[in-house]
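Take a look at the letters that make up each chain.
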Amino acid sequence: MPVVHEDEEADDVHVPSQQDDHSVKNRNVPSSAVLPVIRPALGRQQSISDRAKIAMQQYLNHFFGNLDIVNLREVCKFLEVSLLSFLPEYGPKLKEDYVTVRHLPKIDTNSKERCCSSSCFSFCNSSWQKVWAVLKPGFLALFQDPFDPKLLDIVIFDVSPDMHRNEEGQITLAKEIKESNPLHFGFEVSSGARTIKLRTGSSAKVKDWVTAINAARRLPEGWCHPHRFGSFAPPRGLTEDGSIVQWFIDGQAAFNAIASSIEQAKSEIFITDWWLCPELYLRRPFHYHGTSRLDILLESKAKQGVQIYILLYKEVSLALKINSMYSKRRLLNIHENVKVLRYPDHFSTGIYLWSHHEKIVIVDNQICYIGGLDLCFGRYDTPEHKVVDSPSSIWPGKDYYNPRESEPNSWEDTMKDELDRTKYPRMPWHDVQCALYGPACRDVARHFVQRWNYAKRNKAPNEQAIPLLMPHHHMVIPHYMGKSKETTGEIESKQTRDQDIKIRRLSSLPTASSCQDIPLLLPQDPDHQALPNGDLGLNDLDINHYLLDHPNKTDLKQSLSNRKAKQDLSLQDLQLKGFVDNLGSPDISLVTHHDTSKPNVHHMDKEWWETQERGSQVSSVLDVGEVGPRTTCRCQVIRSVGPWSAGTTQIEGSIHNAYFSLIEKAEHFVYIENQFFISGLSGDDTIKNRVLEALYRRILRAEKEKKCFRVIIVIPLLPGFQGGIDDGGAASVRAIMHWQYRTICRGPNSILKNLYDLVGSKAHDYISFYGLRAHGRLGDGGPLVTNQIYVHSKLMIIDDRMTLIGSANINDRSLLGSRDSEIGMIIEDKEVVSSTMDGRHWEAGKFSLSLRLSLWAEHLGLRAGEVSQIMDPVADLTYKNIWMATAKANTAIYQDVFLCVPNDHIHSRSQFRQTLTLWKEKIGHTTIDLGVALEKTEILEEDGEPVVVGTDPMGRLQAVRGNLVSFPLEFLCQEDLRPFFSESEYYTSPQVFH
């Protein structure tokens, strides 16, 4: 492709045709077909018009049925069509044409490889070059020519800054620019933090492009308009668009589901984590599930042609020991179809304090997992939350994890124990994960694509094996535009037709051989494409039956199955089938739609699907468990991102906004589980997020209205960092404790202090705080030990009707948007079940209620048949007689048996040090949380498991039930922790608050 210099007209550049050696005679142009159009005809004018239309259709069908003609670049330019024009995955056709750009390196037409080894985003030469531009509803993509799928650059449309507005005050994506040379005609496109300049051959073409691009923003439904809570993503599920959700409690259930989804991947897998361990077993006991190890699972799919993209947080190595470089090397050694990026580069970006904290797994753009679980060591757990595993069967090697005792210094030998299992318990891990199906899944995928492309441009611009990604159709076309049944039916009908068209065309669409270096994400397989009613399209079983009846259609099977990274198919077979009748397409009547609740168990883990379907088959939400029902919902993706994390111009803090708004609108109760609880009241200049203010306002309103309102918050008993409270190197532990007590109960900015001033001891009727604890025996006949269950979930349930699940902690790092990147999900139930609230009938949501009941049943240790006792979360019978009473009894027993931190006996520094000395003499260490037991007689054995018992004030024998304990509000509350550390550590330590 010749270089176009600044003094040359862009459209004057000649693009050599691949068919120059073909003669015109061989093209067999069907000129005679046009004769009926121009030949005079007798009859009425309407008749002539109809006959002319039919004749022209026949002519065009014949014309474009000729391969030599249809593959000419001149024809593509005239018709403005290309390889992407009629692929419904990327949305409807808007505008395409040749343009010239300056920011790309020189393209060598004599070689399929790039002539310039530098970045395609660097200004490696000052020449303008001709490229093919494709405008879709959500992006502008640049390719070498209409037939080349290698993506040179892409601008994904996002919320535009306020300054990009036209004369009418409307947000614009493109604008005409005035060139110094009157023979040049240019425009620029801006989105996020990126702006690129393009030229065309005339002023009229510039105006056409500017108009088309600005129309593509589709206000107010599109991506260039902020939605509810200021989110980039619109609300979903307002129509029957296939929005489905499902919850998972603890790592066993979530990892099993993730493994099953990865095993069924057909096209692509997106993964991003704060910490990822390639050697993680997703199923246990690990001895019997060797193929479920993450790296082995990914290798199997990569060999099948699945493209795998993994984004890792690049940590500050001096502060954190997650060793993302080790993970990257292991992953890159799996297969060439595994692409890995670490971000950010600290020195070049100047980002040292903040991190990428999201936890996302997306498979084929059809199912997405978000929540608090990283795919790393220490996260796998069961509802029993065992503190021991000796001999090793569930937690091998470094997966036997207790960061309060020791962080591994090396990850080279992951099967080697870091802790002595005969001396130390593991720290159990409590978490919640959510699976998304439907448009919301594609919203999360769009977020991943945006982050990936930003990291690619900044971190790996010279790595040809790392491709840019394109967002798919469902990421850019909202699914909530229908407001009536008629409109909804029209949308469903159109999407169904698009799906059918996709099935017809994929069988004959090749990929150019030039995609060997940088693979473009190919279209989704129809067998997993979600239709508006939540059904699936053509699946593997349907394809096999079809192939039996049509043995000559093996190319369809190949197209729908393994997507290889390297393909070498001839361009001469390419036809623009959108213009001609496709007589060789599969019979659409063969396409059957299946309910998504009934997947093909022949290709999936049978036991898993039987468990997963449990929620859809049970008649009552009282049937609690680890896996929730798959339910339809209204939902919305929310996030925390900014210029450093996602390349956006504006800071998005929609998670923070959602927290405040949902709490403010709560009618009866708020239930929160979170790794941290650090927030501020209005006027607090140190802590910026206002979750605490929202809770305080809502409680004041309840007090004013004299209505029952409950706030229950479950957080870890101690921060999950190494060291005792008074250890010299445990500044992070002290910092977190200080700020949490400052939020909860100490000082004028705490919520309990303000509530006590207004309502006295009645404050605990409105809000209370809890932790989780477990115990077990080290080996056969070994000592009894206890450990906190580390609460890592990021969850809020409102009124048993709305749920917020994600990766964001309640602190400034996660919620402000300009710091850590986070993602979450708001779920509003559409399926209701009969329940009670404050003694009255209440229509609760199936998703939210079943999740709360399962969580509470686990925490309270309820048996079958007892769950109905906690149906009403605000009634005194539940809140005081069961929830608070269980926590109080368990706390008292743990204090007596394990000498755990008391609630009311330490009020000064001297008393604190005396207690530590006593523990050290009797237990041998000062790590408060472990509490290794003395020789006690209050330990019974039941079915080989230790049962801890104690006496209540009446002298009656009581046993620990469940894992709920009271949060030690009085622990060190009267003594300021600030002398232990510098307050600046709250923001200067990258290790704190992840």
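Above this text you will find the structure in question.
Structural notes, computed from the coordinates. (Residues numbered from 1 in each chain as written. Predicted model: local features only at pLDDT ≥ 70, side-chain atom pairs only at ≥ 80, totals over all residues. Heavy atoms only, no water.)

1. Re the overall build of the chain
To keep it simple, the criterion reads: Going along the chain from the N terminus, every DSSP run of H or I of four or more residues is numbered as a helix, and every run of E of two or more is numbered as a strand. Exposed residues in this analysis have more than 50% of their type's maximum accessible area, buried residues have under 20%, and partly exposed residues fall in between, with area computed by a 1.4 Å probe over protein chains only. Any two residues having at least one pair of non-hydrogen atoms within 4.5 Å are treated as being in contact. Accessible areas in this description were obtained via Shrake-Rupley with a 1.4 Å probe; residue shielding takes into account the shown protein chains only.
The number of helices and strands found in the chain is 28 helices and 31 strands. Put simply, the chain has 994 residues, and 61% of those count as buried. A separation of at least 24 residues holds for 74% of the contacts in the chain among residues at least 6 apart in sequence. For the chain, the accessible area works out to roughly 38100 Å², and carbon and sulfur atoms hold 51% of it.

2. Comments concerning the packing of aromatic side chains
Applied cut-off: A pair of aromatic rings is counted whenever rings of Phe, Tyr or Trp (Trp by its six-membered ring) have centres within 6.5 Å, and the orientation is called stacked for planes under 30 degrees apart, edge-to-face for over 60 and tilted otherwise. Here, a charge over a ring is recorded when the distance from Lys NZ or Arg CZ to the ring centre is within 6 Å and its angle to the ring normal is within 35 degrees.
This model, assessed by the stated rule, comprises 19 aromatic pairs. Their ring planes at 55° and their centres at 5.9 Å tell us that W275 and Y401 sit as a pair that is tilted. Residue W275 is located in the loop between β9 (268-273) and α8 (294-303), and its partner Y401 is located in the loop between β13 (367-371) and β14 (429-430); the two are separated by 126 residues in the primary sequence. Given a relative accessible area of 6%, Y401 falls into the buried group. Among the aromatic residues, those joined into a cluster by ring pairs are F270, Y309, F448 and W452. Here R199 stacks its cationic end above the ring of W128, 4.0 Å away from the centre of that ring. The residue whose ring lies beneath R773 is Y894, and the NZ or CZ to ring-centre distance is 5.6 Å.

3. A word on the sheet that holds strand β4 (residues 151-156)
Test applied: Two strands are said to pair when DSSP picks up at least two bridges between them. Convention adopted: a line fitted to C-alpha atoms gives each axis, helices being fitted over their contacting stretch, and angles between N-to-C directions are expressed from 0 to 180 degrees.
The 7 strands lie next to each other as β4-β3-β2-β1-β7-β6-β5, forming an open sheet whose pairing is antiparallel. The sheet terminates laterally at β4 and β5 (174-177), the two strands that pair on one side only. With direction set aside, neighbouring strand axes in the sheet form an average angle of 35°. One ladder, built from 4 bridges, connects β5 with strand β6 (residues 185-191); its direction is antiparallel. Residue A174 lies in a different strand from β6, and its bridge partner there is V189.

4. Some points on the environment of G865
Tracing the chain through its elements places G865 in the loop between α25 (846-860) and α26 (876-898). Taking the C-alpha atoms as reference points, G865 and L622, separated by 243 residues in sequence, lie 8.2 Å from one another.

5. Details of helix α6 (residues 203-215)
As a reminder of what qualifies: An expected span of 1.5 Å times one less than the residue number is assigned to each helix.
With 13 residues, α6 should reach 18 Å at 1.5 Å per residue; the first-to-last C-alpha distance of 18 Å fits that figure. Among the residues of α6, V206, W209, V210, A212, I213 and N214 are the ones counted as buried. Against β1 (95-101), β2 (129-136), β3 (139-143), β5, β6 and β7 (194-200) lie the buried residues of α6.

6. A few points about unusual backbone geometry
At the junction of R284 and P285, the peptide bond is cis and its omega measures out at 0° in the coordinates. Within the secondary structure, P285 is located in the loop between β9 and α8. Cis geometry is found at the peptide bond from Y343 to P344, where omega equals 10°. Phi at D250 takes a positive value of approximately 70°, unusual for a residue other than glycine. Considering the arrangement of structural elements, one finds D250 in helix α7 (residues 250-263). A positive phi angle, close to 55°, is found at D364, a residue other than glycine. Turning to its location among the elements, D364 is positioned in the loop between β12 (360-363) and β13.

7. Here we look at the pairing of β9
Taken residue by residue, a regular strand's side chains alternate between the two faces of the sheet. Under the convention used in this document: When the strands point away from the viewer, a crossover counts as right-handed if the path from the first strand over the helix to the second runs clockwise.
Of all 6 residues in β9, 6 are buried, a share of seventy percent or more. Note: β9 against strand β10 (residues 307-313), 6 bridges, orientation parallel. Pairing of E268 across the sheet is with Q307, part of β10. Crossover β9 to β10 through α8 is right-handed.

8. Focus: the pairing of β6
Burial analysis of β6 places 6 of its 7 residues in the buried class, the great majority of the element. For β6 and β7, the ladder comprises 7 bridges, and the chain directions are antiparallel. Directly across from E188, in β7, lies its bridge partner K197. Where β6 folds back on β7, the antiparallel hairpin that results is connected by 2 residues, among which G192 adopts a positive phi of roughly 65°.

9. What to know about the packing of α7 against α8
Counted only if it meets this: Working definition: roughly parallel below 35 degrees, roughly antiparallel above 145 degrees, roughly perpendicular at 65 to 115 degrees, and oblique for all remaining angles. Here is the rule for handedness: rotate from the far helix to the near one, and if that takes an anticlockwise turn smaller than a right angle the crossing is left-handed, while a clockwise turn gives right-handed. In this classification, Asp, Glu, Lys and Arg are treated as charged, Ala, Val, Leu, Ile, Met, Phe, Trp, Tyr, Cys and Pro as nonpolar, and every other residue, Gly included, as polar.
Contact pair α7 / α8: the axes reach a minimum separation of 10 Å and the direction vectors enclose 20°. Taken together, α7 and α8 sit at an angle that is classed as roughly parallel. Here the hand of the crossing between α7 and α8 comes out left-handed. Of the residues in α8, those touching α7 at A259, I262 and E263 are L294, L297, L298 and K301. Looking at side-chain class alone, the contact of α7 with α8 contains 5 nonpolar, no polar and 2 charged residues.

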